[in-house]
Amino acid sequence: MGVVFYSQSMNYTNTSKNTFAITTPLYYVNDVPHLGSAYTTIAADVVARFQRLRGLSVLMITGTDEHGQKIERTAQAYGRSPQEHCDLIASSFVELWELLGIKYDRFSRTTAVRHQAIVKEFFGRVWDAGDIYLGQQKGFYCVSCEEFKEERDLLENHRCPLHPNREAEWRDEQNYFFRLSKYQNQLEALYAEQPNFIQPESRRNEVLNFVRQGLQDFSISRVNLDWGFPVPTDPNHTLYVWFDALLGYVTALLEDGDEPTLANALAKWWPINIHLIGKDILRFHAVYWPAMLMSAQLPISGGVFGHGFLTKDGQKMGKTLGNTVDPVDLVRRYGADAVRYYFVKEIEFGKDGDLNETRFVNVLNADLANDLGNLLNRTLKMAQKYCGGKVPPVAPEDIPSDNALKAIGMELGQRVTPAYENLAFSQGCEEILTLVRSSNKYIDEQAPWTLYKQKQQQALEQVLYAVLESVRLAAYLLSPVTPKLSSSIYQQLGISLDLSQTTGDAAATFATHAQWGMLAANHTLGEPHPVFQRLELVS
Ligand code: MSP
């Protein structure tokens, strides 16, 4: 393993290796998943699906963070052993991902036996670098954040702003510390040399301000805590949950039968291209994690994207306010594609975003049921009536390049690709919708039913071809967000391609399918039936 401090790639794709690894946070198992967890995971799945679609070899990592005081206490409160509790809650995450159509490759659990071996080896490297020492930790600890807080950052009665219903607890104990301060300059150099390392810009600025104030060493062990790995050099201490959790990303890279060594874990997929996280855990990923990797003399991950918080009807969603939304319930009521689409399209990734169910239903009905679904349905019916249920015998080259739909369609793939790459999902969806909306307008203006009456068969066929092809392209480019809906559209268009499987030469498939004009003349179309049922507001 060479000593490379940071990867040189400026964007998140390791194009030289043709691989792409992406992570969600490893979720605490203090409770069943809520919508905040689902939000990051949906976003990661969208990126992973897009990168697979375009032909990269992708590894999507998610999982659970199972150690620490918070989990220990929760298990106790339920009268369960910690492991029993973790197993139970971890399975509810797996079930939710299934329900949401999340195609992850690895589910990393930090209580896995092989994880301990990775943590131990990593700790050894940091220890050998002289970056761990014993010291006295005094301060207020928020168990819900699993983080020491500066007194100035706490509210009245030492309550944590993120968990105002709980008081932070005073601690004065011997802990092992990680020499974070030693990495001040190297971290600043990393941020300067890789301006994209922390995204979006607002989060980058937050981190730069924090680091500029001067970094302090942080404690990486706890006493009076059983639920965790013992510190390899001193079993009277338990490793701090965050030290072990971040390494869960590395353990996840091991293949099934691999001996759990860092060399094996880092062989194929490291450095991970991007960590998707919420803004509350930015410091751990953008400051502590790269410094730990520097200390262990390992390459740094490609970047960190810190998204915003979900709010419900304008208020931050959380247990404190009791306004959390159960993602299982939401999917059962509206379907996975609807939930995925709403959060990806309606919230600018990086900003806070609101869930308002009336808006949810309206957006889904407008975009997917009406604009896209009805468009396909009525066009297929016209193709049945006027063209014998087949794709009209039109060559895309024969459609003039200033045709309203061809003009948008020819550029759409190139516009949507960078949107997905830069995690600007909402913008990507808007681009796709522009083609869909223009298709509706075009069909109304061209009035194929009139062309039929006027016996202008050739013009009629061109119109129907242009619209069918536009629906196809929109469905294809939207498939990372709405995999089921896109697959149904492909089926009805009579195209046998499973959009969620990337078999064969995926890059070549992408090259043709992401282009306007691939629909083959004369092939038989499927039976029209609604691909997206109108939603009703269910309370
Ligand atoms: N276990 C740590 C992560 C360790 S990663 C090695 C953790 N877990 S968590 O379950 O508390 O939070 C996981 C993610 O959910 C965080 O990225 C957090 O930002 C996100 N969310 C929690 N509430 C949220 C909202 N209301 N809205 C959006 N995301 C939020 O932190």
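Details of the structure are given in the entry above.
The following refers to the structure shown. No experiment lies behind these values; they were computed from the predicted model shown. (Residues numbered from 1 in each chain as written. Predicted model: local features only at pLDDT ≥ 70, side-chain atom pairs only at ≥ 80, totals over all residues. Heavy atoms only, no water.)

**Regarding the overall build of the protein chain**
We count it as follows: Starting at the N terminus, helices and strands are each numbered in turn, a helix being any DSSP run of H or I of at least four residues and a strand any DSSP run of E of at least two. Within these notes, the globule rule equals 2.2 Å times the number of residues to the 0.38 power, and the radius of gyration is based on C-alpha atoms. Any two residues having at least one pair of non-hydrogen atoms within 4.5 Å are treated as being in contact. Here the positive residues are Lys and Arg and the negative ones are Asp and Glu; neither His nor the chain ends is included. One atom stands in for each charge, and that atom is NZ of Lys, CZ of Arg, CG of Asp or CD of Glu.
Secondary structure assignment for the protein chain yields 19 helices and 18 strands. Computed over its C-alpha atoms, the radius of gyration of the protein chain comes to 26 Å, within 12% of the 24 Å expected for a compact globule of 539 residues. Its C-alpha atoms put the protein chain at 90 × 50 × 40 Å along the principal axes. In the protein chain, the share of contacts with a sequence separation of at least 24, taken over all contacts with a separation of at least 6, comes to 78%. In the protein chain, 50 side chains carry a positive charge and 62 a negative one; their mean positions are 4 Å apart.

**Digging into the sheet that holds strand β1 (residues 19–28)**
Note the following rule: Criterion used throughout: strands pair if DSSP finds at least two bridges between them. Axis lines are fitted through C-alpha atoms, for helices just across the contact stretch, and the angle between N-to-C directions can take any value from 0 to 180 degrees.
As summarised here, the arrangement of the six strands in space is β3-β2-β1-β14-β15-β9, forming an open sheet in which the pairing is parallel. In this open sheet, the two strands that pair with only one neighbour each are β3 (106–109) and β9 (198–199). Where strand β2 (residues 57–65) and β3 come together, four bridges link them in parallel fashion. If you follow Ile 61 over to β3, its bridge partner there is Arg 106. Across the sheet, helix α3 (residues 82–99) touches β1, β2 and β3, and the angle it forms with β3 is around 160°.

**What about the packing of helix α13 (residues 357–387) against helix α15 (residues 425–446)?**
The cut-off we apply is this: An angle below 35 degrees is read as roughly parallel, one above 145 as roughly antiparallel, one from 65 to 115 as roughly perpendicular, and any other as oblique. Crossing handedness is read from the near helix: turned anticlockwise from the far helix by less than a right angle, it gives a left-handed crossing, and turned clockwise, a right-handed one. For this classification, the nonpolar set comprises Ala, Val, Leu, Ile, Met, Phe, Trp, Tyr, Cys and Pro, the charged set comprises Asp, Glu, Lys and Arg, and every other residue, Gly included, is treated as polar.
With their axes 10 Å apart at the nearest point, α13 and α15 run at an angle of 45° to one another. When the interaxial angle is binned, α13 and α15 end up oblique. Crossing geometry of α13 relative to α15 is assigned as left-handed. Contacts between α13 and α15 involve Asp 367, Asp 371, Leu 372, Leu 375, Arg 378, Thr 379 and Met 382 on the former and, on the latter, Leu 433, Val 436, Arg 437, Ser 439, Asn 440, Ile 443 and Asp 444. A class-by-class count of the residues in the contact of α13 with α15 yields six nonpolar, three polar and five charged.

**Overview of the side chain of Ser 479**
Inspection of the secondary structure assignment puts Ser 479 in the loop between α17 (457–478) and α18 (483–492). Each residue touching Ser 479, except ones within four places of it in the same chain, is listed here: Arg 49, Leu 53, Ser 486 and Leu 499.

**Some words on the site of the ligand**
Defined as follows: By convention in this text, a residue qualifies as near a molecule or strand provided that one of its non-hydrogen atoms is within 4 Å of it. For the purposes of these results, a polar contact is taken to be a pair of N or O atoms within 3.5 Å, where, inside protein, one atom must be able to donate a hydrogen and its partner to accept one; residues adjacent in sequence count only when each atom of the pair is a side-chain atom.
Neighbouring the ligand are 21 residues, the closest being Leu 26, Asp 65, Gly 278, Asp 280 and Leu 310. Here Leu 26 contributes a backbone N or O atom positioned 2.8 Å from a nitrogen atom of the ligand. Between the ligand and Leu 310 there is a distance of 2.8 Å, counted from a nitrogen atom to a backbone nitrogen or oxygen. At the level of elements, β1, α7 (241–246) and β14 (274–278) are the ones that each hand at least two residues to the shell around the ligand. No other element matches β1, which puts four residues into the shell around the ligand. Partitioned by chemical class, the residues of the shell around the ligand number 13 nonpolar, six polar and two charged.

**A closer look at the nonpolar core**
The following threshold applies: In plain words, nonpolar cores are sets of buried Ala, Val, Leu, Ile, Met, Phe, Trp, Tyr and Cys residues tied together by side-chain atoms within 4.5 Å. With a 1.4 Å probe rolled over the protein chains alone, any residue whose accessible area is under 20% of its type maximum counts as buried; one over 50% counts as exposed, and the rest are partly exposed.
Within the largest apolar cluster, 171 residues are counted, with the highest numbers of intra-cluster contacts made by Phe 122, Leu 187, Tyr 191, Phe 343 and Phe 360. Not counting the four nearest positions on each side in its chain, Phe 360 is found in contact with Tyr 334, Ala 338, Val 339, Tyr 342, Leu 355 and Leu 535. Residues Cys 142, Cys 145, Leu 154 and Ala 168 belong to the second largest nonpolar core, which totals six residues.

**Examining the environment of Ser 401**
Structurally, Ser 401 is set in the loop between α13 and α14 (404–421). By relative accessible area, Ser 401 is classed as exposed at 61%. Every residue in contact with Ser 401, bar those within four places of it in the chain, is listed here: Lys 406 and Ala 407.

**A few points about unusual backbone geometry**
Backbone torsion omega between Gln 199 and Pro 200 reads -10°, so that peptide bond is classified as cis. Residue placement: Pro 200 occurs in the loop between β9 and α6 (201–212). Note the cis peptide between Trp 270 and Pro 271, where omega equals -5°. Among the structural elements, Pro 271 can be located in the loop between α9 (262–266) and β14. Here Asn 522, not a glycine, exhibits a phi torsion of approximately 75°, which is positive. Within the element layout of this structure, Asn 522 appears in the segment after α19 (506–513). Given the relative accessible area of 45%, Asn 522 is considered partly exposed.

**Comments concerning the packing of aromatic side chains**
Test applied: To pair, rings of Phe, Tyr and Trp, with the six-membered ring standing in for Trp, must have centres within 6.5 Å; the planes then decide the type, stacked if under 30 degrees apart, edge-to-face if over 60, and tilted in the middle. Here, a charge over a ring means that NZ of Lys or CZ of Arg falls within 6 Å of the ring centre while also lying within 35 degrees of the ring normal.
Enumeration over the complete set of coordinates arrives at 33 aromatic pairs. Ring geometry for Trp 270 against Trp 289: centres 6.3 Å apart, planes inclined by 85°, an arrangement best described as edge-to-face. Taken together, the residues Trp 270 in the loop between α9 and β14 and Trp 289 in helix α10 (residues 282–295) connect sequence positions 19 residues apart. Neither Trp 270 nor Trp 289 differs from the other in exposure class; each is buried. One aromatic cluster is present, formed by Tyr 39, Phe 305, Tyr 334, Tyr 342, Phe 343, Phe 349, Phe 360 and Phe 425 through successive ring pairs. Taking the ring centre of Tyr 78 as reference, the NZ or CZ of Arg 80 above it sits at 4.3 Å. Here Arg 283 stacks its cationic end above the ring of Phe 210, 3.7 Å away from the centre of that ring.

**Thoughts on helix α1 (residues 35–53)**
To keep it simple, the criterion reads: Every helix has an expected span of 1.5 Å times one less than the residues it contains.
Along its 19 residues, α1 runs 26 Å from first to last C-alpha, staying within 8% of the 27 Å computed at 1.5 Å per residue. Positive backbone phi, approximately 105°, marks Gly 55, located one or two places after α1.

**A word on the sheet that holds strand β17 (residues 315–316)**
On the basis of which strands lie adjacent, the open sheet formed by three strands has the order β17-β16-β18 and mixed pairing. At either end of the open sheet lies a strand with only one pairing partner, and these are β17 and β18 (353–355). Pairing analysis gives two bridges linking strand β16 (residues 310–312) to β17, with the strands arranged antiparallel. Residue Thr 311 lies in a different strand from β17, and its bridge partner there is Lys 316.

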